[in-house]
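# Report on the structure
Chain by chain, the residues run as shown.
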Amino acid sequence: MNDPKMNTIMCCFLLILLFSLVSCENDDVTQNDTTPLEENPNLTIRSSFGGTLYVDGKYINKTLPADIKLSKGTYLLSVGAEGNEAGYYRKEITIDSDSIPQEIEFTKEDMVNPKKWKVLWVTYSKTRAKDGCQISVSQNSIDIAYNIFLDHLEKIEKDAFHAITWEVVQKNYTTEEAPVANESENNTEEEWGLDWTISLEQLKKDFDFNDFDLISFYWPANSDNETSCDGYPLNYGGIASPIPNGMKTIVGVMEHPFINNRYGIQHPSAYTHEWMHTIERLYPLKGFELPIDPGACCTAHSGEAFGYVSSTGVDTFYEDVFKGKVFSEERKVYLGIGPEALWLYQTRNFEASLLDAERRKVAID
Ligand SMILES: [Zn+2]
């Protein structure tokens, strides 16, 4: 973080951001015609590695080589590639004439360094309810959960064409007990699951949350042998984009209880689902439109409304959100975050003042 080179890059990024805000205020956004027209294309875009094409960060349902038509103007072209040349490539181009054919070639030099998202992974081996009932989970189960978590991060990274990568810092509480609410005593929705106020207060001694994009809690809601305490919250819980007091920037916070149930150690898509809850409210603030079912709370719960139905379809939905390619039949547009948005804006790049401090717990399963 203190690398001066990184600071320079960050300054450039801020400048670009400033200019893009200015152009938004001048209402220049609509001047670019980014709709690819099949007739009379004036731009041929190639690469030796194929790839999915984005124009100004938007998915346009084209893979390289592609012929598209763009009107006069300046555009950001970007490409997400898989395979041997997997990565995220971007370059700015200017179209001086919409009738003179132009060719653009993406090469290795156009690949960007992934933005490093920083995660604090926090685990508790023990939990005690307010009535004194205590349970614990083995280090082996925690290690399994951690490895599944890493698998999910890796999948997200791949879905985003490596526009982002992860740095995970671990904090494992082996003797301290997870501070959880007990439903039998506190029967309000706000008070089930982990008591974040206490957990975050403990962590504050060792970590500056402003340096992180995500804090992920893991704690035992029952034991390896399926022992549980009365009134324990046996739901999965995740909370979207909360802002602990005193924070200047937003950090995503989520929690996952260890439950020895039919899923084994962990629900197959829980981490990605809850992570989406931590970011889904942010990208619309920067003009990236996410798919949302009007009847659902949010993007993470909107897969079915966009035709993603099976349990595996849920994962495909998340992948398409990260790729920005969820198609709205109704509006005939592609929706989602996309690699450009993930590369430009990390959770900790968003000012805390942009969101209210509302805490929202959302159960899945
Ligand atoms: Zn949810």
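Treat the numbers as computed from the prediction; the structure is a model and nothing was measured.

Moving on to the overall build of the protein. Along the backbone of the protein there are 6 helices and 16 strands. Within the protein, the proportion of its 365 residues that are buried is 38%. Relative to all contacts within the protein whose residues are 6 or more apart in sequence, the contacts with residues 24 or more apart total 68%.

Taken in spatial order, the 4 strands line up as β3-β2-β5-β6 in an open sheet, and their pairing is antiparallel. Among the strands making up the open sheet, the edge pair consists of β3 (58-63) and β6 (87-95). With strand direction ignored, the average angle separating the axes of adjacent strands in the sheet is 30°. Across 9 bridges, the pairing between strand β5 (residues 73-81) and β6 is antiparallel. Bridging from a neighbouring strand, Leu 76 pairs with Glu 92 of β6.

So, about the environment of Leu 194. Position of Leu 194 among the secondary structure elements: in the loop between β10 (164-179) and α3 (196-204). With 25 residues separating them along the chain, Leu 194 and Trp 219 place their C-alpha atoms 8.1 Å apart. Leu 194 has contacts with Ala 178, Pro 179, Val 180, Ser 199, Phe 217, Trp 219 and Glu 255, leaving out every residue within four places of it along the chain.

The 3 strands are arranged β4-β1-β7 in an open sheet whose pairing can be described as mixed. Single-partner strands in this sheet number two, and they are β4 (66-68) and β7 (102-106). The sheet shows a mean angle of 20° between the axes of neighbouring strands, taken without regard to direction.

This part covers the confidence of the model for the protein. Mean pLDDT over the protein stands at 80; residues scoring 70 or higher make up 74%. Across residues 1-34, where pLDDT falls below 50, the model places 15 contacts with residues more than four positions away in sequence or in other chains. Segment residues 357-365: pLDDT under 50, and 23 contacts once partners within four positions in sequence are set aside and those in other chains are kept.

For the rest of this paragraph, the subject is the pairing of strand β2 (residues 52-55). By the alternation rule, side chains of β2 split into Thr 52 and Tyr 54 and Leu 53 and Val 55, which are all buried. As defined by bridge partners, β2 adjoins β3 across 3 bridges and the pair is classed as antiparallel. What sits directly across from Tyr 54, in β3, is Tyr 59. Linking β2 back to β3 in an antiparallel pair, the connection comprises 2 residues, with Asp 56 at a positive phi of about 50°. Looking at chain direction, β2 and β5 are connected through 4 bridges and run antiparallel.

With that settled, consider unusual backbone geometry. Each neighbour pair has its own omega, and for Leu 64 with Pro 65 the value is 0°, a cis peptide bond. With respect to the secondary-structure elements, Pro 65 resides in the loop between β3 and β4. In this structure, Phe 161 is a non-glycine residue whose phi angle is positive, near 55°. Inspection of the secondary structure puts Phe 161 in the loop between α2 (139-159) and β10.

The terminal C-alpha atoms of α2, which comprises 21 residues, lie 30 Å apart, in line with the 30 Å expected from a rise of 1.5 Å per residue. One or two residues past the end of α2 sits Phe 161, with phi positive at roughly 55°.

Reading the values: the criteria
Residues numbered from 1 in each chain as written. Predicted model: local features only at pLDDT ≥ 70, side-chain atom pairs only at ≥ 80, totals over all residues. Helix = DSSP H or I, 4+ residues; strand = E, 2+ residues; numbered from the N terminus. Buried ≥ 20, exposed ≤ 12 C-beta atoms within 10 Å, placed from the backbone. Contact = placed C-beta atoms within 7 Å. Pairing = 2+ DSSP bridges. Axes fitted to C-alpha atoms, helices over the stretch in contact; angles between N-to-C directions. pLDDT = per-residue confidence, 0-100. Expected span 1.5 Å × (residues − 1).

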